[in-house]
Amino acid sequence: MQPLPRLEKAGIDAWLIRLAESIDERHLPLLQTLAKNCEAALGDLLLDLVPSYTSLLVHYNCLEIDSEQVRQRLQRVLAQLASPDNQPLGRLHELPIWYDPSVGPDLPALEEHTGLSWQQLVELHAGSSYRVFALGFAPGFAFMGCLPPELQVPRHSTPRKRVAALSLAIAEQQTAIYPQASPGGWHLLGRGCTRLFNPERNPPSLLQVGDQVQFQPLTKAEFLRLGGEVSNL
């Protein structure tokens, strides 16, 4: 297998640039630099860039340029890629959350699984800060990591058919907030009251790759005062 970073074909109109094999916050500055350099190399031929924890998917206009030409341009980008020095990763967001079994129905099961009280689980979750590694699944859905080891649990084997909007959840090394009501297989800890996606905003997603997120526990009264919704419907 080729050493990292490497290029992998991803269909007729995309190349995948794989930077690493494991999730690590230290990869983010290099990933952001890579994205900027790909934009410069392809210009108007670029259709989309999709960053993930360890890779960057590059979509291009295959009607205007062929795959081999794109590969050559991306190879030049990789040959010149250097780690940025002291590059700021992004903004800090403090997101208020009401942690409670009434809106975090998986807290009791997590108590049983970990041997910790749900209050201790909340302290662990809110006591860490998280980086946004990728956006996807739904508009405004930000994959954040990495969770403390005590909170790392697999996804539910059977996803819920509906998760309430702004539900805070965890799965494996990741945490996220569901921006809209949707199906979901992650473990629910609580609920937020901050709008994460607004199509009239630029960019529409509040959270961007590289941003840092700190969750701030709320009382129920504070949650309601900030416009939080208790209903699960």
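Residues numbered from 1 in each chain as written. Predicted model: local features only at pLDDT ≥ 70, side-chain atom pairs only at ≥ 80, totals over all residues. Heavy atoms only, no water.

Now for the overall build of the protein chain. Within the protein chain one finds five helices and 13 strands. Radius of gyration (C-alpha) of the protein chain: 20 Å, near the 17 Å computed for a compact globule of 233 residues. Referenced to the eigenvectors of the C-alpha coordinate spread, the extents of the protein chain come out at roughly 55 × 40 × 35 Å. Relative to its 233 residues, the protein chain shows a buried fraction of 45%. Pairs at least 24 apart in sequence give 62% of the contacts found in the protein chain among residues at least 6 apart. Accessible surface computed for the protein chain: about 11,900 Å², of which carbon and sulfur atoms make up 52%. (Helix = DSSP H or I, 4+ residues; strand = E, 2+ residues; numbered from the N terminus. Rg over C-alpha atoms; globule rule 2.2 N^0.38 Å. Buried < 20%, exposed > 50% of the residue type's maximum accessible area, 1.4 Å probe, protein only. Contact = heavy atoms within 4.5 Å. Areas by Shrake-Rupley, 256 points an atom, 1.4 Å probe, with all protein chains shown as cover.)

Ordered in space as β1-β2-β4-β3, the four strands form an open sheet in which the pairing is antiparallel. Strand pairing shows two members of the sheet lacking a second neighbour, β1 (6–9) and β3 (46–51), which therefore form its edges. Between one strand axis and the next, the sheet turns through 20 degrees on average, direction left out of account. For strand β2 (residues 14–18) and strand β4 (residues 55–60), the ladder comprises five bridges, and the chain directions are antiparallel. Within the sheet, the bridge partner assigned to Ile17 lies in β4 and is Leu56. Here helix α1 (residues 28–42) sits on the sheet in contact with β2, β3 and β4, set at roughly 15 degrees to β4. Packing of helix α2 (residues 67–79) onto the sheet brings it into contact with β1, β2 and β4, and relative to β2 it is tilted by some 25 degrees. (Pairing = 2+ DSSP bridges. Axes fitted to C-alpha atoms, helices over the stretch in contact; angles between N-to-C directions.)

The side chains of a regular strand alternate, first on one face of the sheet and then on the other. Bridge count for strand β5 (residues 92–99) against strand β13 (residues 212–217) is six bridges, and the pairing is parallel. Across the sheet, residue Ile97 finds its bridge partner in β13, namely Pro217. Two strands pair when backbone bridges link them, and strand β6 (residues 129–135) and β13 are joined in this way by three bridges, in the antiparallel orientation. The partner of Tyr130 across the bridge, within β13, is Val213.

In this section: the packing of α1 against α2. Two numbers describe how α1 lies on α2: the axes approach to 10 Å, and their chain directions differ by 135 degrees. In terms of orientation, α1 lies oblique with respect to α2. Judged by the twist between their axes, the crossing of α1 over α2 is right-handed. Along the contact surface, α1 presents Leu34, Asn37, Cys38, Ala41 and Leu42, while α2 presents Val70, Arg73, Leu74, Val77 and Leu78. Looking at side-chain class alone, the contact of α1 with α2 contains eight nonpolar, one polar and one charged residues. (Parallel < 35°, antiparallel > 145°, perpendicular 65-115°, else oblique. Left-handed = near helix turned anticlockwise from the far one by under 90°. Nonpolar A, V, L, I, M, F, W, Y, C, P; charged D, E, K, R; others polar.)

With 36 residues, the main nonpolar core has Ile17, Leu34, Cys38, Leu56, Val58, Leu74 and Trp186 as its most contacted residues. Secondary-structure elements contributing two or more residues to this core are β2, α1, β3, β4, α2, β6 and β9 (167–171). If you look at the next biggest cluster of nonpolar residues, it comprises 26 residues, including Leu168, Ile170, Leu196 and Phe215. (Core = buried A, V, L, I, M, F, W, Y, C linked by side-chain atoms within 4.5 Å.)

What follows is about the packing of aromatic side chains. Under the criterion given, the structure shown has nine aromatic pairs. Ring centres of Tyr53 and Phe133 lie 4.9 Å apart, and the angle between their planes is 35 degrees; this geometry places the pair in the tilted category. A residue pair is termed long-range when its members are at least 10 positions apart, and Tyr53 in the loop between β3 and β4 and Phe133 in strand β6 qualify at 80 residues. We note that Tyr53, like Phe133, is buried. Their ring planes at 80 degrees and their centres at 6.2 Å tell us that Phe137 and Tyr178 sit as a pair that is edge-to-face. (Phe/Tyr/Trp six-rings, centres within 6.5 Å; stacked < 30°, edge-to-face > 60°.)

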